[in-house]
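Architecture at a glance
The residues making up each chain are set out below.
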Amino acid sequence: MEFATFILATQRGYHQTSDSVIHDAIEQTVLSEQAGFDTAWFAEHHFNNYSLVPSPLMMVAHCAGVTKRIRLGTAVCVLPLYQPQRLLAEIGFADVVSNGRLELGVGSGYQQFEFERFGVNIDNAQAMFSEYLDIVLKGLRQKIFSHSGHFMQIPPTAISVRTIQKPSPPIWIATGSPSSMRRAYRERHNLLVTALHNGLETLGALRGMIQEAAAAEFKSPGDAKISLLRCCYASADGAEINRYLDNARFQRQLSEALHQRRQQSHDGYMLQATPTQLDLSLETMRENLPIGSINQVIDRLLQEIEILKPDQIAIQTQLGDLDQTTMLRQIELWGDKIIPAVNKSLSHLNV
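For clarity, every value in this text was computed on a predicted model and none was experimentally measured.

Along its 18 residues, helix α1 (residues 18-35) runs 26 Å from first to last C-alpha, staying within 8% of the 26 Å computed at 1.5 Å per residue. Every buried residue belonging to α1 is among V21, A25, I26, Q28, T29, L31, S32, E33 and A35, and all of these are buried.

Below you can see the structure in the form of structure tokens.
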């Protein structure tokens, strides 16, 4: 089983500086490599405090210079907000400076406020994503490519800085929709999925969707790698766990606020999270997630792995204003105790 850290780089309030959030994210990436994680994923958002990373490829390029082994991924590049020709050049550059360690995650985006400020109609997001992914695939695989589509006309074009990985870095599609899952299986891409803060029932339903999508393309579910983004936390300190869960719930509330956001806030980019009908109690979140003692987390992860059958677990770090010392200690704990124990148990099951 591969393990990853997912670094959203959220800022909960002005008591955190934006530069400290970014530098904390970089420090977590370096420690993730030292702790034995396989991948570090970086998000992309704009004009708000939900994530301070405007370009995951910039994070990949920087972190390539302070790491040596860990793979570095975009989770995700929001394709409708890019010129795909420029994105292709930046993909090549990031793969070169990381010595072929780039994992390319892509998605369609969902925040109308962001789209409006890039002059893009969010109603076209899915169609643009599909066409722009076609262009990215052409540019990665063809020495000279062209494109004639609904949203983009590109004359014969060559990208000067090409990826080290051939024909391309691994491509991951962030999805919860059957059509995107089917495309992933049809074109041999991988899947980035999440069950949010829900429990085993949601994971079972997600596995069912994956199986149906694979079968519809005459594939096996194992023909695509699956990464599960999960809030996980191990501690014997109940108050520390509650701080983590409170920040996880804040992050979910902020995501919902971004769905509804239409106006510029008076004080800049900082949004305030407010309770919603989707909120879960901290007790319910504990029951639903791999949260608790080290052994509780290990046992719960093994349950979830058995149901979803992912190839990778991506644990959520950089949550809200959870202090950096605590988060770094958590990453080390996973490297020292949890990852080895999970993989040992899985190896015994596969004997």
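As enumerated under the stated definition, the model contains 13 salt bridges in all. In this structure, E2 and K225 form a salt bridge, with 2.9 Å as the shortest nitrogen-oxygen distance. On the criterion of sequence distance, the pair formed by E2 in strand β1 (residues 2-7) and K225 in the loop between α7 (200-216) and β9 (226-230) is long-range, its members being 223 residues apart. The exposure class of K225 is partly exposed, given its relative accessible area of 29%. A salt bridge links R300 to E304; its shortest N-O distance comes to 3.0 Å. Linking R300 with E304, this pair stays in helix α10 (residues 294-308), spanning four residues, or about one helical turn.

Turning our eyes to something else, we now look at the UniProt feature "domain: Luciferase-like" (unreviewed entry) in the chain. Per the UniProt record, "domain: Luciferase-like" (unreviewed entry) is found at residues 1-303. With 43% helix and 17% strand, the stretch residues 1-303 has end C-alpha atoms that lie 14 Å from each other.

Here we take up the sheet that holds strand β3 (residues 71-78). An order of β1-β2-β3-β4-β7-β8-β9-β12 is seen for the eight strands of this closed barrel, with the pairing classed as parallel. Between one strand axis and the next, the sheet turns by 25° as a mean value, whatever way the strands run. The sheet contact formed by β1 and strand β12 (residues 312-317) spans six bridges and is parallel. Looking at the pairing, A4 lines up with A314 of β12.

Here we take up the nonpolar core. The biggest cluster of nonpolar side chains holds 80 residues, and the ones touching the most others in it are F37, L301, W334 and V342. For this core, the element with the highest residue contribution is helix α5 (residues 125-141), accounting for nine residues. Not counting chain neighbours up to four residues away, the residues in contact with F37 comprise F3, A4, T5, S32, R69, I70, I315, I331, W334 and I339. Among the nonpolar cores identified, the runner-up in size contains 15 residues, and F6, Y50, W172 and A314 belong to it.

The next thing to look at is the packing of aromatic side chains. Tallied over the entire structure, the rule returns five aromatic pairs. The ring of F113 is capped by R117, whose NZ or CZ atom sits 3.5 Å from the centre of that ring. Above the plane of the ring of F113 lies R261, whose end atom (NZ or CZ) is 3.5 Å from the centre.

With that settled, the discussion passes to helix α2 (residues 56-64). Taken residue by residue, α2 has P56, L57, M59, V60, C63 and A64 as its buried positions. In a view along the axis of α2, the buried residues occupy a sector of 155°, so they form one face of it. Lining the buried residues of α2 we find α1, β2 (39-42), β3, α3 (84-97) and β4 (102-107).

Looking at where N247 falls in the secondary structure, it is placed in helix α8 (residues 238-260). Ignoring any residue separated from it by four or fewer positions in sequence, one finds N247 in contact with R12, L319, G320, D321 and L322.

Let us now look at a nonpolar patch on the surface. Together, F93, V96, V97, V161 and I164 make up a nonpolar patch on the protein surface, roughly 360 Å² of accessible area in all. Among the secondary structure elements, V97 is positioned in helix α3. Using a relative accessible area of 32% as the deciding quantity, one classes V97 as partly exposed.

Across the eight residues that make up β3, a large majority, seven, are buried. Of the pairings in the sheet, the one linking β2 to β3 comprises four bridges and is parallel in character. What sits directly across from F42, in β3, is T74. In this fold, β2 hands off to α2, which returns the chain to β3; that crossover is right-handed. What joins β3 to β4 is α3, and the crossover it makes is right-handed.

Between A75 and V76 the backbone carries a cis peptide bond, its omega angle lying at 10°. You can see V76 is positioned in strand β3. A cis geometry characterises the amide bond from K166 onward to P167, with omega recorded as 0°. Of note, P167 is situated in the loop between β6 (153-157) and β7 (171-174). Backbone geometry at A9 places phi at a positive 65°, although glycine is not the residue there.

Each value, and the rule that gives it
Residues numbered from 1 in each chain as written. Predicted model: local features only at pLDDT ≥ 70, side-chain atom pairs only at ≥ 80, totals over all residues. Heavy atoms only, no water. Helix = DSSP H or I, 4+ residues; strand = E, 2+ residues; numbered from the N terminus. Expected span 1.5 Å × (residues − 1). Buried < 20%, exposed > 50% of the residue type's maximum accessible area, 1.4 Å probe, protein only. Salt bridge = Lys/Arg side-chain N within 4 Å of Asp/Glu carboxyl O. UniProt positions renumbered as here; feature names shortened; annotations may be inferred. Pairing = 2+ DSSP bridges. Axes fitted to C-alpha atoms, helices over the stretch in contact; angles between N-to-C directions. Core = buried A, V, L, I, M, F, W, Y, C linked by side-chain atoms within 4.5 Å. Contact = heavy atoms within 4.5 Å. Phe/Tyr/Trp six-rings, centres within 6.5 Å; stacked < 30°, edge-to-face > 60°. Lys NZ or Arg CZ within 6 Å of the ring centre and 35° of its normal. Arc of directions from axis to C-beta. Patch = residues over 30% accessible without salt bridge, like charges linked within 9 Å, V, L, I, M, F, W, Y side chains within 5 Å. Areas by Shrake-Rupley, 256 points an atom, 1.4 Å probe, with all protein chains shown as cover. Right-handed = clockwise from strand over helix to strand, strands pointing away.

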